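The residues making up each chain are set out below.
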Amino acid sequence: MLTRAGRRLPRSAPLRRTALGAGLAGALAAGLLTSSATTAAAGTTAPTVAAPDIPVANVKAHLSQLQSIATSNGGNRAHGRPGYRASIDYIKGKLDAAGFTTSIQQFTSGGATGYNLIADWPGGDTGRVVMAGAHLDSVSSGPGINDNGSGSAAVLETALAVAREGYRPDRHLRFAWWGAEELGLVGSRHYVGSLSATDRSRIGAYLNFDMIGSPNPGYFVYDDDPAIEKVFKDWFAARGVPTEIETEGDGRSDHASFKNAGIPVGGLFTGAGRTKTAAQAQKWGGTAGRAFDPCYHSSCDTLSNINDTALDRNSDALAHGVWTLGSGTTTPPPTGDTFENTTDVSIPDGGSAVESPISVTGRSGNAPSALQVGVDIRHTYRGDLVIDLIAPDGSAYRLKGSNNDSGDDVITTYTVNASTETANGTWKLRVRDLYRSDSGYINSWKLTF
Ligand code: DTR
Ligand code: CA
Ligand code: ZN
Ligand code: ZN
């Protein structure tokens, strides 16, 4: 068949899938990390900026303040109680003094007002945000120094280290302390739900730290995103500390609020009520047959319920994660899998819509928040065309409306936040020519995950 340009098009080919760097994880896809392969491909070298040591004495000083707050407020720092708001005020005061842009987000749960604290470090690419967070609330039965003063204090001290170092990462750094996690991830779900789809798509990674100083510690790394997992596992391995994959956490802390929105997540954990096995005691020390944290959700979760070595290691690993993910490169995010349909589909002039399908298989989870939709439509008056991406569940994403653009062809790539859509399934490109006297056809289109 001949085109307007007289070129013979290749015969329509079946669907084809080209795995470009397949297996790179979400965080790579978000361009937050570079692997050697990716770096080579991009021709750039990721700047290596080493994180500073986080003084565990500083972290413990914050824990001492949180303990005092609980002691002065009925013995806890729970949602809806004065001890929680006092905890927020303590952390906010430290961040304001250090030059962060802070904001307190209110919400209601169980008839009580809850608070999230968000702290942005000025600078960096606000289109590529790296977040680190921890829930600040305790249960009502105790001061919650390990659960989760430990994560809250370590995130705070890492943020203060960013300020002390005057760190200027490529990416924009945002730190967060969540309310009402113990009531069911209420604060973090409220935060993610309050973001626009665009702002959600700008978060390339969320790192969660909930219980990182358990008295009988294990060293667990979240395995939700392989690239982020590798950042933490390699850090511990380089120091001779074996790690295990965190297996009890799915949905059990605030990272779930971000993962459910298609954002790459990671984090660290030293264990809660589960019992340490003999094999784990062999590699980590501590007491087999005893819970990682015997004071989990109890009144004895006090300042004495912390293992300093575990808190120190995890605080330093936290900082390493923030520095590594924060100092990404500005190279475009590496591509993952590409699925293409090159079958020509004629578009009726001034007629009904036509569709071209692509069947996506072999992927896990949801589509990315920056799904690339490459379109190649040949037409003599592109203003006639309305173009939609149809997800496997039938949801329509408008790529282009009609207008008075008399130019030829639509050959471009659209970026769609498809993070609420299952990746696998039949996607369609739907095209309609609204006006008569100019016609054309879909030459090809492709999806890159
Ligand atoms: N839900 C957390 C404790 C917790 C239990 N399992 C995990 C796994 C990963 C992180 C945290 C947890 C709490 O009680 O706050
Ligand atoms: Ca340290
Ligand atoms: Zn808890
Ligand atoms: Zn917790």
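Here, the structure is the one placed above.
So, a few notes on the structure that sits alongside this text. Note that the structure is a prediction, hence the values are computed from the model and not measured.

Here we look at the site of ligand 1
And then number 1: Taken together, the neighbourhood of ligand 1 is formed by 15 residues, with His135, Glu181, Arg252, Tyr296 and His297 sitting nearest.
And then number 2: Between histidine 135 and ligand 1, the recorded distance is 3.0 Å, taken from a side-chain N or O atom to an oxygen atom.
And then number 3: The side chain of aspartate 210 places a nitrogen or oxygen atom 3.1 Å from an oxygen atom of ligand 1.
And then number 4: Against a free-state accessible area of 370 Å², the protein chains account for coverage of 98% of ligand 1.

Considerations on the coordination of the zinc ion (ligand 4)
And then number 1: In the first shell of the zinc ion (ligand 4), the protein supplies His135 (NE2), Asp147 (OD), Asp210 (OD) and Asp210 (OD), at 2.0 to 2.5 Å from the metal.
And then number 2: The motif formed by the donor residues of the zinc ion (ligand 4), counted along the single chain, is H-x11-D-x62-D.
And then number 3: A gap of 3.5 Å separates the zinc ion (ligand 4) and the zinc ion (ligand 3), which aspartate 147 links by coordinating each metal. Here histidine 135 is found in strand β4 (residues 125-135), whereas its partner aspartate 147 is found in helix α5 (residues 145-165), with 12 residues between them in sequence.
And then number 4: Exposure remark for aspartate 147: the relative accessible area of 3% places this residue in the buried category.

Overview of the sheet that holds strand β5 (residues 171-178)
And then number 1: With mixed pairing, 8 strands are arranged side by side in an open sheet as β2-β3-β5-β4-β6-β9-β7-β8. Since the sheet does not close on itself, it has two edges, and those belong to β2 (101-109) and β8 (244-245), each with one partner.
And then number 2: As paired strands, β2 and strand β3 (residues 112-121) are joined by 9 bridges and run antiparallel to one another. Across the sheet, phenylalanine 107 pairs through a bridge with glycine 114, a residue of β3.
And then number 3: The sheet contacts of α5 involve β3, β4, β5 and β6 (203-209), and relative to β4 the element is tilted by about 145 degrees.
And then number 4: Packed onto the sheet, helix α6 (residues 186-194) meets β2, β3, β4, β5 and β6 and runs at close to 110 degrees relative to β2.

Reading the values: the criteria
- Residues numbered from 1 in each chain as written.
- Chains lettered and ligands numbered in written order.
- Predicted model: local features only at pLDDT ≥ 70, side-chain atom pairs only at ≥ 80, totals over all residues.
- Heavy atoms only, no water.
- Near = heavy atom within 4 Å.
- Polar contact = N/O pair within 3.5 Å; in protein donor to acceptor, adjacent residues only side chain to side chain.
- Areas by Shrake-Rupley, 256 points an atom, 1.4 Å probe, with all protein chains shown as cover.
- Donors = N, O, S within 2.8 Å, 3.2 Å for Na, K, Ca; no water.
- Helix = DSSP H or I, 4+ residues; strand = E, 2+ residues; numbered from the N terminus.
- Buried < 20%, exposed > 50% of the residue type's maximum accessible area, 1.4 Å probe, protein only.
- Pairing = 2+ DSSP bridges.
- Contact = heavy atoms within 4.5 Å.
- Axes fitted to C-alpha atoms, helices over the stretch in contact; angles between N-to-C directions.

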